[in-house]
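Per-entry structural report
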Amino acid sequence: MNIAERRAATRLEAANAKTADLTVVGGAGHVGIPLVLSFAAKGMTVNVNDINEGTLATLKAGRLPFIEDGAEEILAKALREKLLVFTSRPSEISPTGPVIVTIGTPVDEFLNPVRGVIQSSIDQLLPYLHDGQLLVLRSTLYPGTTSWIDAYLKRHGRNLKVAFCPERVVQGLGIKELREMPQIISGTTPEAAEAAAALFGPIVPELVLVEPMEAEFAKLFNNAYRYIEFAVTNQFYLIAKSAGLDYHRILQATKHNYPRAKQIPRPGFAAGPCLVKDTMQLAAFARNEFSLGHAAMLVNEGLVLHVIADLRRSHDLSKMTVGLLGMAFKANSDDVRASLSYKFKKELASAAYEVLTTDPFVKTDPELLPLEDVVSRSDLLILCQPHSCYKDVDFGGKPTVDVWGFLEKANVIS
Ligand SMILES: NC(=O)c1ccc[n+]([C@@H]2O[C@H](COP(=O)([O-])OP(=O)(O)OC[C@H]3O[C@@H](n4cnc5c(N)ncnc54)[C@H](O)[C@@H]3O)[C@@H](O)[C@H]2O)c1
């Protein structure tokens, strides 16, 4: 492309950005992409606004930056039909349609929410937002943040319709779940709630209308509850193990045709970018008096240390190469954010002779090795994530730790 063509292309993008039906800020992220594609699948034009130009280029080229079920076809069609425009600056958001914000909302080193992230994003957008425009907050928010942003905008003499409509889909299955799950809608005014309902109505099956703070709590309760569920089963696992029993046999007996136990998940390494952080946001709100939430963190994070302590008692790890199978934070995902597999790696780095890692999905870690190499070079294996492709693999009789009770053919030692 020569300079004139590039200029023409830029002009074309700018024109589209001006007229897109809506803008998604953080549109190239894990929450952003399935949302963008869900709107595009309904024929709407979307301004995908994201500071990560690398990810925007990947999308523009028709590729997904991470695994998202069913996304490829919709992306290809949306690109063909010119429904997407990609922008990277706040000044390029569309001036009329709704603006949805899906940027990350982390906790800090004290496990407290970082309001500054969302505030600075709003500050950057402020000069380009127009009064009367709908601003939808979709990132997970500390309770009270939506009303605070509304007041903040008013303090700056601005009059936007502010809504909070949390994302609750499971990562990787966002497109399917958006189609199937109710969407919680809240607005700081009835007009804002109505406008948000009109926006989401076409892409979701059902709307649930509540007040902003109720919506903020609903999202955090959803995630904290899930995190506690994992902790319950992990603690049961440790108790059964301390009695010298096989928890998986007990779990099977517990659940078999017994509806009230149907929900109990299998034990495993539960972490990732949302569950811990959102449980801690709730704890911060409760002045750290969320004993169940903190207990869940101790159990879930502690499971890794229990496994290593058990191995140290039964093996001389200092002479052994340990292979870690599955480095993503959950099964069949390529996302390593806050993955407990890396806690294993860190802890074992000083306890074992050598630590090798593998994952068929993760593309961001240059230290990963092919599965065959890890299996052949290791004295001991730990199944960190139960990726489906590991199910029937024969690990050549190598002793394997499988907390999940997942492997069919391995020589499982605990
Ligand atoms: N990942 C999930 O499955 C999931 C599910 C429900 C809710 N959430 C919540 O959604 C929010 C986003 O999570 P995520 O996993 O999509 O994060 P992510 O890091 O994958 O995506 C965030 C995107 O925002 C972009 N970004 C950051 N600051 C920006 C700015 N100022 N302007 C434009 N773009 C900007 C980043 O480049 C990134 O692409 C968080 O609050 C998270 O807790 C996540």
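Higher on the page you've got the structure.
Below is a short write-up of the structure.

The rules we used
Residues numbered from 1 in each chain as written. Predicted model: local features only at pLDDT ≥ 70, side-chain atom pairs only at ≥ 80, totals over all residues. Heavy atoms only, no water. Helix = DSSP H or I, 4+ residues; strand = E, 2+ residues; numbered from the N terminus. Buried < 20%, exposed > 50% of the residue type's maximum accessible area, 1.4 Å probe, protein only. Contact = heavy atoms within 4.5 Å. Areas by Shrake-Rupley, 256 points an atom, 1.4 Å probe, with all protein chains shown as cover. Lys, Arg positive; Asp, Glu negative; His and termini not counted. Charge placed at Lys NZ, Arg CZ, Asp CG, Glu CD. Salt bridge = Lys/Arg side-chain N within 4 Å of Asp/Glu carboxyl O. Pairing = 2+ DSSP bridges. Axes fitted to C-alpha atoms, helices over the stretch in contact; angles between N-to-C directions. Core = buried A, V, L, I, M, F, W, Y, C linked by side-chain atoms within 4.5 Å. Near = heavy atom within 4 Å. Polar contact = N/O pair within 3.5 Å; in protein donor to acceptor, adjacent residues only side chain to side chain. Phe/Tyr/Trp six-rings, centres within 6.5 Å; stacked < 30°, edge-to-face > 60°. Lys NZ or Arg CZ within 6 Å of the ring centre and 35° of its normal. Left-handed = near helix turned anticlockwise from the far one by under 90°. Nonpolar A, V, L, I, M, F, W, Y, C, P; charged D, E, K, R; others polar.

Turning our attention to the overall build of the chain. Within the chain one finds 14 helices and 13 strands. Of all 414 residues assigned to the chain, the portion counted as buried reaches 49%. Long-range pairs, those at least 24 residues apart, make up 69% of the contacts in the chain between residues at least 6 apart in sequence. When the accessible surface of the chain is totalled, it reaches about 19600 Å², and 55% of it is carbon and sulfur. Counting 43 positive and 46 negative side-chain charges, the chain places the averaged centre of each group 1 Å from the other.

Within this structure, the stated rule accounts for 17 salt bridges. The salt bridge partner of Glu-367 is Lys-345, with a shortest N-O separation of 2.6 Å. With Glu-367 in the loop between strand E10 (354–358) and helix H14 (371–377) and Lys-345 in helix H13 (residues 340–351), the pair connects residues that are 22 residues apart, well separated along the chain. Overall, Glu-367 belongs to the exposed group, its relative accessible area being 51%.

On to the sheet that holds strand E13 (residues 411–412). Pairing between the strands of a sheet comes from backbone hydrogen bonds, and it takes one of two forms, parallel or antiparallel. Here we have 5 strands laid out as an open sheet, ordered E10-E9-E11-E12-E13, and parallel in their pairing. If you trace the sheet from one side to the other, it starts and ends with E10 and E13, each paired once. By the bridge criterion, 5 bridges tie strand E9 (residues 321–325) to E10 in an arrangement that is parallel. Bridge assignment links Leu-324 to a residue of E10, and that residue is Thr-357. Here H13 sits on the sheet in contact with E9, E10 and strand E11 (380–383), set at roughly 170 degrees to E9.

Moving on to the nonpolar core. Formed by 62 residues in total, the largest nonpolar core has its most connected members in Phe-269, Phe-344, Leu-348, Ile-382 and Phe-395. It is helix H9 (residues 212–242) that provides the largest number of residues to this core, a total of 10 residues. Leaving out residues up to four positions away in the same chain, Phe-269 has contacts with Leu-303, Val-304, Val-307, Phe-329, Leu-340, Phe-344, Leu-383, Cys-384, Gln-385, Val-403 and Trp-404.

Right, let's talk about the site of the ligand for a bit. The environment of the ligand is formed by 24 residues, the closest being His-30, Asp-50, Thr-105, Gln-171 and Lys-277. At 3.5 Å from an oxygen atom of the ligand is found a main-chain nitrogen or oxygen belonging to Gly-29. Between the ligand and the protein, one listed contact pairs an oxygen atom with a side-chain N or O atom of His-30 at 2.6 Å. Isolated, the ligand exposes 830 Å² of accessible area, and the fraction of that covered by the protein chains is 85%.

In spatial order, the strands read E3-E2-E1-E4-E5-E6-E7-E8; together these 8 strands make up an open sheet with mixed pairing. Looking along the sheet, the strands with just one partner apiece sit at the ends: strand E3 (84–87) and strand E8 (207–209). Within the sheet, the average angular offset between the axes of one strand and its neighbour, ignoring direction, is 25 degrees. Where strand E4 (residues 99–101) lies against strand E5 (residues 134–137), 3 bridges are found, and the strand directions are parallel. Considered in E5, the bridge of Val-99 is made with Leu-135. Strands strand E1 (22–25), E4, E5, strand E6 (161–164), strand E7 (183–187) and E8 of the sheet are contacted by helix H8 (residues 190–200), whose axis makes an angle of about 150 degrees with E7.

Below, the discussion takes up the side chain of Asp-150. Mapped onto the elements of the fold, Asp-150 is located in helix H6 (residues 145–155). Of the polar contacts made by the side chain of Asp-150, one reaches the side chain of Thr-188; its length is 3.4 Å. Each residue touching Asp-150, except ones within four places of it in the same chain, is listed here: Leu-160, Val-162 and Thr-188.

With the rule as written, the count across this model stands at 8 aromatic pairs. With 5.9 Å between their ring centres and 85 degrees between their planes, Phe-269 and Trp-404 make a pair best called edge-to-face. Remark: Trp-404 occurs in the loop between strand E12 (399–401) and E13 and Phe-269 occurs in the loop between helix H10 (247–255) and helix H11 (275–285); sequence separation between them is 135 residues. Taken as a pair, Phe-269 and Trp-404 share a single burial class, namely buried. Ring pairing ties together the aromatic residues Tyr-142, Phe-217, Phe-221 and Phe-285, which thus form one cluster. The ring of Trp-148 carries Arg-115 above its face, with NZ or CZ at 4.0 Å from the centroid. One residue, Lys-391, lies across the ring of Phe-406, its end atom 4.3 Å from the ring centre.

Another aspect to go through is the packing of helix H12 (residues 291–314) against H13. Viewed as axis vectors pointing N to C, H12 and H13 meet at an angle of 35 degrees, and their least axial separation amounts to 10 Å. Note on packing geometry: the crossing formed by H12 with H13 is right-handed. Residues Asn-300, Glu-301, Val-304, Leu-305, Val-307, Ile-308 and Arg-312 of H12 pack against Leu-340, Lys-343, Phe-344, Glu-347, Leu-348 and Ala-351 of H13. Taken together, the residues that form the contact of H12 with H13 break down as 8 nonpolar, 1 polar and 4 charged.

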